Amino acid sequence: MGKVIVITSGKGGVGKTTTTANLGHGLAALGRKVCLVDADIGLRNLDVVLGLENRIVYHLLDVVEGNCTVSKALIRDKQHGENLVLLAAAQTREKDAVNPDQMRDLMKVLRKEYDYVLVDCPAGIEQGFRNAVAGADQAILVTTPEVSAVRDADRIVGLLEATELHDPQVIINRIRPDMVRRGDMLDISDVDDFLRIPILGIVPDDESIIVSTNRGEPVVNDQRSRSGQAYRNICRRLEGQEVSFMDLQGENFMQRLLRRIRVGAANR
Amino acid sequence: MLEFLGRLLGTSDGSKTKAKERLRLVLVHDRSSLSPGLLESLKEDLIKVISKYMDIDESGLEVNLDKSDDSVALVANIPVKNVKRQGKGK
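Only a predicted model underlies this, so the values are computations on that prediction, with no experimental measurement involved. (Residues numbered from 1 in each chain as written. Chains lettered and ligands numbered in written order. Predicted model: local features only at pLDDT ≥ 70, side-chain atom pairs only at ≥ 80, totals over all residues. Heavy atoms only, no water.)

Colleague: What am I meant to see in the overall build of chain B here?
Modeller: Along its length, chain B carries three helices and four strands. Ordered by position from N to C terminus, the α and β elements of chain B give α-α-α-β-β-β-β. Here chain B holds 90 residues, and the buried ones make up 14% of them. Here the analysis covers contacts within chain B between residues at least 6 apart in sequence; of these, 50% occur between residues at least 24 apart. With an accessible surface of roughly 6900 Å², chain B has 53% of that area assigned to carbon and sulfur atoms. (Helix = DSSP H or I, 4+ residues; strand = E, 2+ residues; numbered from the N terminus. Buried < 20%, exposed > 50% of the residue type's maximum accessible area, 1.4 Å probe, protein only. Contact = heavy atoms within 4.5 Å. Areas by Shrake-Rupley, 256 points an atom, 1.4 Å probe, with all protein chains shown as cover.)

Here it is in structure tokens:
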């Protein structure tokens, strides 16, 4: 029986979909069978981030409404094939076209086949959120070191508690070490002080995320990228390994340059 | 410019301090919207504790969160019927 993990944030644009895509790829690379579910009905994007937008035939609502079998609707990843599949969201429907009970039933089916079912939650706290958290065993919150994002994350912690989804963990995304250094950005311990939930990972702000999203190839596969490394670390932690947090402060320009050259040479 | 100089001299904090303070206040407000159930059980506990020291009119008990711009206070209005003698009721 696999685990169902919902990836949520409250606030939009903090990196839920990117996180879902990268954890999916990262876990599949560790040899796990992973199913990604886009619960953002009406505003689907996980397909694009994964580079699978041209392969969608059926979607989540087709499955829920019995138009096709689950296995028929699952889209296989280009790289990992059967070990990483996507259940896309419907694009021309609305969030209330599905209800929490239906989602719970769907998760029951998926968890039988997959080690991890990762649900990409829509922004907001309405029906889409309630659908996405239904049937989840665990929640990962994504936030950025900003007042608005941390505030929304705090609200989500309360709402998760109310839906009996206890012990969420948080990923602090888009940290900019230079700004933290000069006191212009909340640091990890600040966010920790406010949220008081276990930190699953810290991800530095990284241009290669945009490049990889442009290409539809998650950054976790890029051995040279710092954010890719951060996502690989998170995947190993999900697998129960002890992995210490990345040192975001310790690296100056020269070290960064040297590391790039080293890893670049190793990849060749 | 002054801020830049201050930062050079290490006398001025970055905007993070401001962010932390604002976030703290916002969270105090957000978290202070107590659910009716929580407020009820708070009332019951209050009655229990205060009854040890004085007789109170339970039906007239009011407990509210008073929010102003930079603070949140728990305001309780508890009509007292009689104060018990000191040394008793502990």
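Colleague: Please explain the side chain of Arg237(A) as it appears in this structure.
Modeller: Residues and elements named next belong to chain A. In this structure, Arg-237 sits in helix H11 (residues 226–238). We note that Arg-237 is buried and unpaired, the nearest opposite charge coming from Glu-242 at a distance of 7.9 Å. Apart from residues no more than four positions distant in its own chain, Arg-237 is found in contact with Leu-200, Gly-201, Val-243, Ser-244 and Phe-245. (Lys, Arg positive; Asp, Glu negative; His and termini not counted. Salt bridge = Lys/Arg side-chain N within 4 Å of Asp/Glu carboxyl O.)

Colleague: Teacher, can you tell me more about the packing of aromatic side chains here?
Modeller: What describes a pair of aromatic rings is the distance from one ring centre to the other and the angle between the planes of the rings. On inspection of all chains with the given rule, the structure shows zero aromatic pairs over all chains. The lysine or arginine in question, Lys33(A), covers the ring of Tyr114(A), its NZ or CZ lying 5.2 Å from the ring centre. (Phe/Tyr/Trp six-rings, centres within 6.5 Å; stacked < 30°, edge-to-face > 60°. Lys NZ or Arg CZ within 6 Å of the ring centre and 35° of its normal.)

Colleague: Help me understand the pattern of salt bridges in this model?
Modeller: Pairs can form between side chains of opposite charge once their charged atoms are near each other. For the structure shown, the criterion picks out 19 salt bridges over all chains. Among the ionic pairs, Asp178(A) bridges to Arg176(A), the shortest N-O distance being 3.5 Å. Judged by its relative accessible area of 33%, Arg176(A) is partly exposed. Between Lys16(B) and Asp190(A) there is a salt bridge whose closest N-O contact spans 3.0 Å. Here the residue Lys16(B) occupies a position in helix H2 (residues 15–31), and Asp190(A) occupies one in helix H9 (residues 188–195), the pair thus bridging two chains. For the pair shown, Lys16(B) and Asp190(A) are each scored as buried. Among the charged side chains, a network of salt bridges with common partners joins Asp187(A), Asp190(A), Lys16(B) and Lys20(B).

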